[in-house]
Amino acid sequence: LPYYSRKEVAEHKRKEDRIWVTYKDGVYDITEFVDAHPGGDRILLASGGPIDHFWAMYNQHTTKQVLEILARHRIGTLFPHEEVVQIDFEDPYANDPPRAPLGAVRCEKPYNSETVVELIPDNYITPEPMHYKRHHHPVPDVKHDDYRLVLAFEDANILQISLKDLQARFDKHEFPVTLQCAGNRRYELQGVAPVQGLEWDCGAISTAVWGGALLRDVLSFAGMGDESALIERAGVEHIQFEGSDKPYDASIPIDKALSKFGDVLVAYEMNGKPIPREHGGPVRIIVPGHLAARSVKWCHRITASKVESHSGWQRGVAYKSAGTYINSFDGVDAEKLPSVQELPVNSAICTPRPGSSIDFEEGAVTLKGWAWSGGGRNIIRVDVSIDGGLTWHPAELKQGSEQKYNKAWAWTFWEAELDIPEHLRRPGQKLELICRAVDSACNQQPEKTRSVWNLRGILNNSYHRVQVNLVEPSE
C-alpha cells in the first residue's frame with residue numbers, strides 16, 4: 001500500500017474528493033461507508049483527519065468486528081517519519097457517576113450494562129442500581145436549580161419551565177413502566193450471522209415506577225393540546241425530544257404523545273425518588289410501550305414538528321426495521337425504512353441459566369422468566385417446553401398479569417415447574433428449555449431466530465431457548 005502524508009489526508013473531506021480518515025498509522029477511504037454508518041453522518045466530523053479521539057469517546061468501536069470493517073477500507077499508511085500527533089484531552093467519561101457492580105457490563109465507555117438475568121425474578125420493580133443502563137455518550141451533570149425545559153414549535157421557542165414549575169403546576173402521575181432496549185437478546189442473532197451493536201443477553205430490560213407530569217398536560221399548557229389550532233393547522237405529526245447528551249434526540253408520533261391513554265410522562269421521579277443522573281435525571285421522557293430509545297434522558301427541549309427528529313438514532317439505521325435480506329447498508333436509504341416505535345411481544349427464561357446443572361433425580365425443573373409486549377398489550381399466555389418444543393405446557397402468570405387491558409406498560413412474570421420425561425431422565429442428558437408468549441392481540445413469538453435476523457440485531461423476539469445439563473446428585 002502507498003504512503004500518504006497527513007497533509008494529503010486533510011485534502012479529502014468531501015465525497016467529491018473522497019472521504020479519508022486515519023486510525024493509528026493507517027489511511028482509510030470511508031466514502032462508501034458513510035451512509036451505512038450506524039451513528040449517521042457524525043463520522044464526517046473526523047473527515048480528513050484522525051478518528052482516534054472520536055473512538056476514545058465511542059469505545060465500542062474497538063471491537064474485532066468494527067476493526068475488520070475498517071480494515072476493508074484501508075488504502076495506505078502514514079509516512080513513518082511524520083511526527084505522530086499526540087492528542088491531549090481529558091477522559092470525557094471521567095465525570096460519569098459512580099456505579100455499583102450490580103450489572104453485566106457490555107461496554108465501559110460509554111457505559112452500558114444489563115440487569116443480571118437470574119436476579120430479574122427476585123424484583124418485579126427493579127432496584128435502581130440494578131436497572132439496565134444504555135448510554136451513547138458521557139453522562140451529563142445537569143443541576144436541578146439550573147434546569148429548564150424548553151417547549152417549542154419547530155424552531156420557535158414558546159416557553160420554558162423549571163423543574164420546580166414542572167412539579168408544582170401539573171398533577172403528578174406514577175405507574176410502573178418496563179423499558180427495553182430494541183437490541184435486547186441481540187446475542188442470539190450472532191449465532192445466525194454477524195450483527196452490529198452490543199451483544200445484549202436478555203437483560204437489557206428493567207421496570208421502575210416512574211413519576212411526573214403527563215406529556216399531554218405539558219403540551220396543552222403550552223398551547224399544543226390535541227384540539228389546539230397550532231397542532232391541527234400546522235400539520236404537526238411528531239413530538240421531538242432533545243437530550244443534554246448531544247447530539248441525541250428522538251421523537252414519537254403525535255397521537256401517542258397526546259392520547260389520554262398513552263400515558264407518556266415528563267418524569268422527574270424513579271421508584272419514588274428524584275431520577276438519578278445515570279437514568280436521565282433531573283427530567284426524562286418515559287414513553288410506555290415503545291422502545292426505550294424514545295424515552296429520552298436528560299430531556300431539555302420538547303418540539304412539536306411536522307417531521308421526525310433528525311438524529312441518526314431516529315433517521316439512521318440504528319433503530320430501523322430492516323429485512324433479513326439486507327446484509328449491508330451500502331446503498332440503503334435509511335430514511336425510507338420505518339422507524340421502530342412499539343416493540344413486539346417477547347419473553348425470556350431467567351432461571352435456570354444456560355449451562356446450568358440439574359440433579360436428574362429431582363425429576364423436575366422450575367423455570368422463571370419475564371414476558372412483555374409493546375403498545376400496552378397484555379400478556380395472556382406463556383407456553384413452556386422442556387424437550388425442545390416437542391411438548392408444551394402453560395406457565396403460571398404471576399405479577400403483572402393483573403394490569404388493565406391494553407395498559408400493560410410493565411412486564412409480566414411467569415413461572416412453571418416441568419417434570420422431566422422419563423426417557424430423558426439420565427445423567428449427561430441435555431435439555432432444551434423454551435418459552436414463548438402471546439399478547440392480547442394474539443401476537444405470538446416466531447419460532448426461528450433466523451426468521452427475525454437483521455443486520456442491526458434488533459427486535460429479536462424468537463422463542464427463547466436455554467440448554468441445561470442433567471447430572472448425578474454429587475455433581
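Look a little higher up for the structure.
So, here is what we can say about the structure in this document. (Residues numbered from 1 in each chain as written. Predicted model: local features only at pLDDT ≥ 70, side-chain atom pairs only at ≥ 80, totals over all residues. Heavy atoms only, no water.)

Among the 9 residues that make up strand E20 (residues 364–372), 7 are buried, leaving the element largely enclosed by the rest of the structure. As paired strands, strand E18 (residues 346–351) and E20 are joined by 5 bridges and run antiparallel to one another. Residue pairing across strands places Thr351 opposite Lys368, the latter belonging to E20. Alignment of E20 against strand E24 (residues 412–419), held across 8 bridges, turns out to be antiparallel. In the strand pairing of E24, Ala364 is matched with Asp419. (Buried < 20%, exposed > 50% of the residue type's maximum accessible area, 1.4 Å probe, protein only. Helix = DSSP H or I, 4+ residues; strand = E, 2+ residues; numbered from the N terminus. Pairing = 2+ DSSP bridges.)

Our focus in this paragraph is the state of the cysteines. Structurally, a disulfide amounts to a covalent bond that connects the sulfur atoms of two cysteines. Considering all chains together, one arrives at 0 disulfides under this definition. The thiol of Cys299 is not disulfide-bonded; the next cysteine sulfur, from Cys181, is found 19 Å away. In this structure Cys350 is a free cysteine whose sulfur lies 5.7 Å from that of Cys202, the closest cysteine sulfur available. (Disulfide = S-S within 2.5 Å.)

Here we have 3 strands laid out as an open sheet, ordered E5-E6-E7, and antiparallel in their pairing. Because the sheet does not close on itself, it has two edges, and the strands there are strand E5 (103–107) and strand E7 (133–134).

We now examine unusual backbone geometry. Of note, the amide linkage connecting Lys109 to Pro110 takes the cis form, showing an omega dihedral of -5°. Mapping Pro110 onto the fold places it in the loop between E5 and strand E6 (112–115). Here the bond from Gly281 into Pro282 is cis, since omega is 15°, no more than 30 degrees from zero. For Pro282, the location among the structural elements is in the loop between strand E15 (273–274) and strand E16 (284–286). Phi is positive for Arg18, close to 75°, though the residue is something other than glycine. Note that Arg18 resides in the loop between helix H1 (6–10) and strand E2 (20–23). Classification of Arg18 by relative accessible area gives partly exposed; the value is 32%.

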